[in-house]
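Breakdown of the fold
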Amino acid sequence: MSLTVAVGCDVGGTKIALGRLDATGSLRDRIQLATPRQDPAAIASRIACYARRVAPPGTPVGVAAAGLVRVDGSVAAGSCIHWGGVPLAQQLRAQLDAPVCVINDGDAAAWGEHVRRGPGPRPLLMVSVGTGIGGGLVLDHGPYRGAAAMALEIGHLIVDRSGPACACGNRGCLQALAGGTAVGQAYSAQRGLPGEIDAQAVVQAAEAGDPLAARVIEEAGLWLGVGLASVVTILDPAVVVIGGSVACAGERLLAPARRALRIHVFARAHRNIVIEPSQCGSDAALLGAAAAAVTSLPTAADHPHESSLRWTGADIPTTPGEDDPRPHRSSLEAGDSRGAADPRDLR
């Protein structure tokens, strides 16, 4: 077995992805488990069980968690998982007697893209479209987390005040219109099906020629572009990377997102906006969490007023693993700068 550098975990609203990072920068022994949304203590147990099975004792563990992660590694809350302030890092340290780093999944995904790409344009904005929608921003010194470590919660940007209810309690959040759960719910409702449909099943239906599935994904892409327009207007990133499990829809999702972004972003004619698919695919947060676990991270005690952790990633190889995809790069073309009252008008 190749040398294990760290164990990575990506805890999402639907599944837990786990893998071990080896010395070449590749993720090995990857598995997926169902997320016990109502039982966060079980999440720590499942991660610990996996780490004991694939890695030597004392191997660093990095966890990307879908929720509001405090600097001490506890998870205050989340719209997809009932975290309830669980001290996740503390629980894992007690079970494994190993270094543990817990970070927000959006920050982890952005860091994973940074690690895979190596030196490149900054700022890098990462948007992960999975069960919900997360975001992360990498500046010159590392991920930006904000004063309370709650920055870049892009999924909870309100884009339609009269829109559907979000699990967070608001209405019209971006993830309630463009996240994986929203895609599955929209398809089920319009098809008249009982229960929830997985967003990836909707993507597969679209690829098989289902016009309703294609239309649902297109509308999600349009709303994604509307949300991105506001984020890009505020942050002015050099590159926008779209990843997450729903991003496997490819241009069915990205093309309408580009159209909406092109129309709604401020000062479009003066920007060179680059939108790229993730180079890590669905492994971005998994890689970022594992990389963070083996990088020297300051603690809350070291920097009581600083929550933007300065990670260099210098110890992590940037060569992609043998099974990592390298999607093509695509840029935002010039287009009409007129506004639209509703993204559905852009079809």
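Residues numbered from 1 in each chain as written. Predicted model: local features only at pLDDT ≥ 70, side-chain atom pairs only at ≥ 80, totals over all residues. Heavy atoms only, no water.

1. A look at the overall build of the protein chain
A count of helices and strands for the protein chain gives nine helices and twelve strands. Of all 347 residues assigned to the protein chain, the portion counted as buried reaches 55%. The long-range share in the protein chain, meaning contacts at least 24 apart out of those at least 6 apart in sequence, stands at 65%. On the protein chain, roughly 14600 Å² of surface is accessible, and the fraction owed to carbon and sulfur atoms is 52%. (Helix = DSSP H or I, 4+ residues; strand = E, 2+ residues; numbered from the N terminus. Buried < 20%, exposed > 50% of the residue type's maximum accessible area, 1.4 Å probe, protein only. Contact = heavy atoms within 4.5 Å. Areas by Shrake-Rupley, 256 points an atom, 1.4 Å probe, with all protein chains shown as cover.)

2. Focus on the sheet that holds strand β4 (residues 61-65)
In any sheet, the strands associate via hydrogen bonds between backbone groups, in a parallel or an antiparallel arrangement. The strand order β3-β2-β1-β4-β7 describes an open sheet built from five strands, whose pairing is mixed. Of all the strands in the sheet, just β3 (27-34) and β7 (100-104) have a single pairing partner and so form its edges. Across the sheet, the axes of successive neighbouring strands diverge by a mean angle of 15°, strand direction being ignored. In terms of strand pairing, β4 meets β7 through five bridges, oriented parallel. Residue pairing for β7: V61 is matched across the bridge by V100. Strands in contact with helix α3 (residues 105-117) are β1 (4-11), β4 and β7; relative to β7, the strand with the most contacts, it is inclined by about 100°. (Pairing = 2+ DSSP bridges. Axes fitted to C-alpha atoms, helices over the stretch in contact; angles between N-to-C directions.)

3. Remarks on the nonpolar core
Core analysis: the biggest nonpolar cluster contains 45 residues, and L125, V127, I133, I154, L224, I242 and L261 have the highest contact counts within it. If you list the elements that add at least two residues to this core, you get β8 (124-129), β9 (133-138), α4 (174-178), α5 (180-191), α6 (199-207), α7 (211-235), β10 (239-243) and α8 (251-264). Ranked by residue count, the leading element in this core is α7, at 13 residues. Beyond its immediate chain neighbours, meaning those up to four positions away, L125 contacts G136, L137, L152, I154, V231, L235, P237, V239, V240 and V241. Grouped together as the second largest cluster of nonpolar side chains are 29 residues, A44, V69, L88 and A89 included. (Core = buried A, V, L, I, M, F, W, Y, C linked by side-chain atoms within 4.5 Å.)

4. Side note on the side chain of T131
Along the polypeptide, T131 turns up in the loop between β8 and β9. Here the side chain of T131 touches T14 through a polar contact of 2.7 Å, side chain to side chain. If sequence neighbours within four positions are ignored, T131 has contacts with G13, T14, R37, C80, G179, G180 and T181. (Polar contact = N/O pair within 3.5 Å; in protein donor to acceptor, adjacent residues only side chain to side chain.)

5. What to know about helix α9 (residues 284-293)
The buried fraction of α9 amounts to ten of the ten residues, a majority that puts the element mostly inside the structure. When α9 is considered as a whole, its buried residues turn out to be A284, A285, L286, L287, G288, A289, A290, A291, A292 and A293.

6. Considering unusual backbone geometry
The omega angle of the peptide bond from R122 to P123 is 0°, so this bond is cis rather than trans. Of note in this structure, D29 is not a glycine but carries a positive phi near 50°. Summarising the element assignment, D29 is placed in strand β3.

7. Overview of the pairing of β1
For β1, the tally of buried residues reaches seven of eight residues, placing the bulk of the element in the interior. Sheet topology note: the β1/strand β2 (residues 15-22) ladder contains seven bridges and is antiparallel. Opposite T4, over in β2, you have D22 as the bridge partner. Note that β1 and β4 share five bridges and pair parallel.

8. Some words on the confidence of the model for the protein chain
Averaged over all residues, the pLDDT of the protein chain equals 83, while 84% of them reach at least 70. Under a pLDDT of 50 for its full length, residues 343-347 has, in the predicted model, 16 contacts with residues more than four places off or in other chains. (pLDDT = per-residue confidence, 0-100.)

9. Describing the pattern of salt bridges
For the structure shown, the criterion picks out ten salt bridges. Note that R117 is salt-bridged to E113, the shortest N-O span being 2.7 Å. With R117 and E113 both in helix α3 and four residues apart, the pair spans about one turn of that helix. Residue class for E113 comes out buried when judged on its relative accessible area of 0%. Among the ionic contacts, a cluster of salt bridges with common partners joins E113, R117 and E276. (Salt bridge = Lys/Arg side-chain N within 4 Å of Asp/Glu carboxyl O.)

10. Notes on the packing of α7 against α8
Axis separation between α7 and α8 bottoms out at 6 Å; the angle between their running directions is 40°. The angle between α7 and α8 places the two elements in the oblique class. Here α7 and α8 pass one another in a crossing that is right-handed. Seen from α7, the contacting residues are A214, I217, E218, A220, G221, L222, L224, G225, V226, L228, A229 and V232; seen from α8, they are R252, L253, P256, A257, R259, A260, L261 and H264. Of the residues belonging to the contact of α7 with α8, the class tally is 14 nonpolar, three polar and three charged. (Parallel < 35°, antiparallel > 145°, perpendicular 65-115°, else oblique. Left-handed = near helix turned anticlockwise from the far one by under 90°. Nonpolar A, V, L, I, M, F, W, Y, C, P; charged D, E, K, R; others polar.)

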